[in-house]
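# Chain and residue survey
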Amino acid sequence: MDASKSADARAEALLEASTQHQKYRWLVEQPAVSPTRTDWQPGRPGEAPVVYPVQVECTPTIVYTDGPEAVRAPGVTDFPAQIALASTWNLELAYEKGVAQADESFAKRRNVILAPGIGNGRTPLAGRTPEYFGEDPLVNGLFAGAHAEGIEADGKVLSDLKHYLANEQELDRQTSSSNISERALRELYSLPYEIAVDEGSPESVMCAFNQVNGVYICESPIMQSLLKDDHGFDGFIMSDFGSVHSTTASLMNGLDQELNRPIWFTPEKLDAALAAGEITQERIDEAAFRVVRSYIRGGLFDNPLPAEAAVEASTPAHEATAKRIAEDGSVLLKNDGVLPLEAEAGQTIALFGPTASTTPTTVGSFPVSAVSVCSLTLQRNPTAAPRNTLPCEDVVSAETAITARAAEDGASVTWNNGQDIAAAAAQAAEADIAIVFGYQRMGEFSDLTDLRLQGNGDALITAVQAANPNTVVVLQTGSAVEMPWLDGVEAVLENWYGGEQQGPAIASLLFGDVAPSGKLPMTFPKSLADTPTNTPEQYPGVFSDGSTTRPAGSNEIRQVEYSEDLAIGYKWYQEEGIEPLFAFGHGLTYTTFAYDRVQVTPKSTNGAKEIRIQFKVTNTGDRTGTEIAQAYVTLPDSADAPGSRLVGWESVTLEPGEHRNVTITLSADELAEQHLLEHWDEGADDWVSAKGTYGVAVGGSSEAPIATQFTIK
Ligand code: GLC
């Protein structure tokens, strides 16, 4: 406990003073389980309740908590979903959220947050899409790094990158194998972890439920060879809840800690495996060392949890951060001029749809309202009751906020839950402006079966826009949605799951008090059929009989072929020449921008030296606006890389008519650590910079044209 010594020295000293079983303590999350506990899952191995020895005296209480979007407890700030945070393209905001979330976690007596999550978005049907940062590995890695860094900044709470790796669907997540090429593993699925480890040095990583290439990732050599050795991760690897399938294979391949109650890392099993020579004392000591060193290095030993959990852990500053994320994370997809609203005295603004109000509407057997799209804590799969119905008790609905804002202009607001479509159309016909809220509930435990709005949203929008030419759609979804009604509406604003401040954020954006600036971190396809995983083998994966349906009573591993390889997201649509509905990186505001004078220096390089991409951006409209200018590179054909790849971005705020020369710098460190210009050469078994000409595109989305090039000799 001598804080003047290094974390390594302190961890060594603690373990030297520990018995064998006290070392085992650190190999499980929960040290002791009451023998009277009755909620054991029947049939799970090792169900007999296990009681560990108490921890070494004076070592702290360690409490884990979910989740990426917010601390899973009442009395906290319900931040918007992570997909909204990614849509801000603002890494400082991710850091700021991490700091706020850790503050609330600690106040709630929890000092390890199981967040952030990283996904790769190979299919927008994946149930946990809203928990992640979209389809690009650089965006995922940088955001996860910034969020993790913020969580750990105050030295009281640890972060946890999850779920390592290629846990890209909920269907059969525990009984499926993600079959991936080495190149895709390196360039897509492991790259975000490599970047996040460099950027945010998280103290822990959670290995996922699924198999990768036929081996459960929590007992796969990949944990040691790729994450620990190659990426230099020196924290500890914990499992997911129930993702461990062995004592020896998992421990000896790099798993350091079993999450939740001990099943495989019990004293009996570890003692037996050691006695049988299957596991080594060295590996036991290393696992315990990694865990304890991270707890110490992360500050948990020097900042014991408060005696009591605070009832209310949220603060006005945290709520302001939540509102900022909801505002800057909303994406204006379409605007034919109806926005920003200029309501006039006597006008009527008619709102439609259950998620515009906190008044619940029963849809099927579910109450749907603004609360149920507040944050992921309520985004359980639509077919099962919300697992933890934690009310987002502080949510301010769009109805409340728009009513207050419209009153400032003397306009009135009505709300109709949209269940009776004919009545909604009649009400829309009487209004000056119609705003329809469409939603898509999703979350852990199940995938979407389509990309359509739920609750008859398409029919409601179609009826309202037929009755009122000034129809605006506000989307509260966790992933992409198809929009059969798009041509008939004037504007579309994607608010995702906007958290407890969704109402004020939506009102501010619609009335132009805040100009939208968000950009899509994932492609919105015209149709599900256009997505890259459009064969049964790719999604949902098949069984040995070729079917996608699990044979009754079978626990056969579902084989999911990642045959799209690198071509996911915008890379796929570019490579295939498929026009998306809205492209990765797309997002409008209330002015327009022009780009020109794009240049790169140097024009010829060895691929390791700093590269500067310079260009001029002009605000060509009549309102101040913020543009997230993005830079994409296309590799030489010899690299055999599909489409382009995002290499950086800069946020630029300009007054009407103002222009600015902007530089996106790819530093030597970033080029090396993020492999921005490299591709994985399976023959060389290494990263390689292909020789040849690299195209450079700069603009407001991934659809920006190539404007210049440079060569690597
Ligand atoms: C769940 C999730 C993981 C979560 C863990 C603990 O199964 O996969 O994200 O952190 O269990 O709740």
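The structure reproduced in this document is the subject of the present report. Numbers given to residues run from 1 along each chain, matching the order in which its sequence is written. Local features in this predicted model are restricted to residues of pLDDT 70 or higher, and side-chain atom pairs are both shown and tallied only at a pLDDT of 80 or more, whereas totals for entire chains, interfaces and linings draw on every residue. Side-chain numbers here rest on the full set of heavy atoms in the structure, without hydrogens or water.

### Observations regarding the sheet that holds strand β8 (residues 236-238)
- As summarised here, the arrangement of the three strands in space is β3-β5-β8, forming an open sheet in which the pairing is parallel. Edge positions in the sheet fall to β3 (161-164) and β8, since each of these pairs with one other strand and no more. Across the sheet, the mean angle separating the axes of adjacent strands is 30° when strand polarity is ignored.
- Note: two strands are recorded as paired if DSSP finds a minimum of 2 bridges between them. Helix and strand assignments come from DSSP, with helices taken as H or I runs of at least 4 residues and strands as E runs of at least 2, each series counted from the N terminus. In this sheet, strand β5 (residues 204-207) lies alongside β3 in parallel orientation, the contact comprising three bridges. Each bridged residue has a counterpart across the sheet, and for leucine 161 the counterpart in β5 is valine 205.
- Every residue pair with non-hydrogen atoms within 4.5 Å of one another is taken to be in contact. Lines fitted to the C-alpha atoms define the axes, with helices restricted to the stretch that makes contact. Angles between their N-to-C directions range from 0 to 180 degrees. Here helix α7 (residues 191-200) sits on the sheet and contacts β3 and β5; the angle it forms with β3, its principal contact strand, is near 160°.

### Let's talk about the state of the cysteines
- The rule for a disulfide is simple: a pair of cysteine sulfur atoms within 2.5 Å. A complete count under the given rule lists one disulfide for this structure.
- In this model cysteine 207 forms its disulfide with cysteine 218; the gap between the sulfur atoms is 2.1 Å. Where cysteine 207 bonds to cysteine 218 through sulfur, the torsion about that S-S bond is close to 110°, and the disulfide is right-handed. Taken together, the residues cysteine 207 in strand β5 and cysteine 218 in the loop between β7 (215-216) and α8 (222-230) connect sequence positions 11 residues apart.

### Some details on the site of the ligand
- In these notes, residues near a molecule or strand are those with any non-hydrogen atom within 4 Å of it. Close contacts around the ligand come from Asp66, Leu114, Arg128, Lys162, His163, Arg173, Met206, Phe209, Asp240, Phe241 and Glu444, and that covers them all.
- Nitrogen and oxygen atoms within 3.5 Å of one another constitute a polar contact, given that in protein one can donate a hydrogen and the other can accept it, and given that sequence-neighbouring residues count only through two side-chain atoms. With respect to the ligand, the side chain of arginine 173 contributes an N or O atom lying 3.4 Å from an oxygen atom.
- Separating an oxygen atom of the ligand from a side-chain N or O atom of glutamate 444 is a distance of 3.2 Å.
- Coverage of the ligand by the protein amounts to 90% of the 310 Å² it exposes when considered alone.
- Residue classes in the shell around the ligand are distributed as four nonpolar, one polar and six charged. Using a 1.4 Å probe, the Shrake-Rupley method yields the accessible areas, and only the shown protein chains count as cover for residues. Note on residue classes: Ala, Val, Leu, Ile, Met, Phe, Trp, Tyr, Cys and Pro are nonpolar, Asp, Glu, Lys and Arg are charged, and everything else, Gly too, is polar.

### Some words on the environment of proline 521
- One can find proline 521 in the loop between α16 (502-510) and β17 (558-561).
- When the C-alpha atoms of proline 521 and glycine 700 are compared, they prove to be 12 Å apart, with 179 residues separating the residues in sequence.
- When near neighbours in sequence (up to four residues on either side) are disregarded, proline 521 contacts Ile83, Ala86, Ser87, Trp89, Phe133, Gly134, Glu135, Asp136, Trp496 and Phe584.

### Quick word on helix α1 (residues 7-16)
- For every residue, the accessible area obtained with a 1.4 Å probe (protein chains only) is divided by the maximum for its type, and the residue is called buried under 20%, exposed over 50%, and partly exposed between those limits. Along α1, the residues classified as buried are Ala7, Arg10, Ala11, Leu14 and Leu15. Buried residues in α1, looked at end-on, bunch into an arc of 130°, giving them a common side. Here the arc refers to the set of directions running from the helix axis out to each C-beta atom.

### Focus: the pairing of strand β27 (residues 706-712)
- Relative to β27, strand β19 (residues 604-605) runs parallel, the two sharing two bridges. Counted as the bridge partner of serine 604 is threonine 711 from β27.
- Pairing of strand β26 (residues 692-699) with β27, which is carried by six bridges, proceeds in the antiparallel orientation. Among the inter-strand pairings, alanine 697 is bridged to a residue of β27, identified as isoleucine 706.
- In this antiparallel pair of consecutive strands, β26 and β27, the connection spans six residues.

### Comments concerning helix α10 (residues 267-275)
- Those residues of α10 lying buried are Pro267, Leu270 and Ala273. Taken around the axis of α10, the buried residues stretch over an arc of 140°, which confines them to a single face. Within α10, the exposed residues directed more than 90 degrees away from the buried face are Glu268 and Ala275.
- Tucked into the core, α10 has its buried residues touching α2 (20-24) and α9 (248-252).
- Directly beyond the C-terminal end of α10, a positive phi value near 75° is found at glycine 277.

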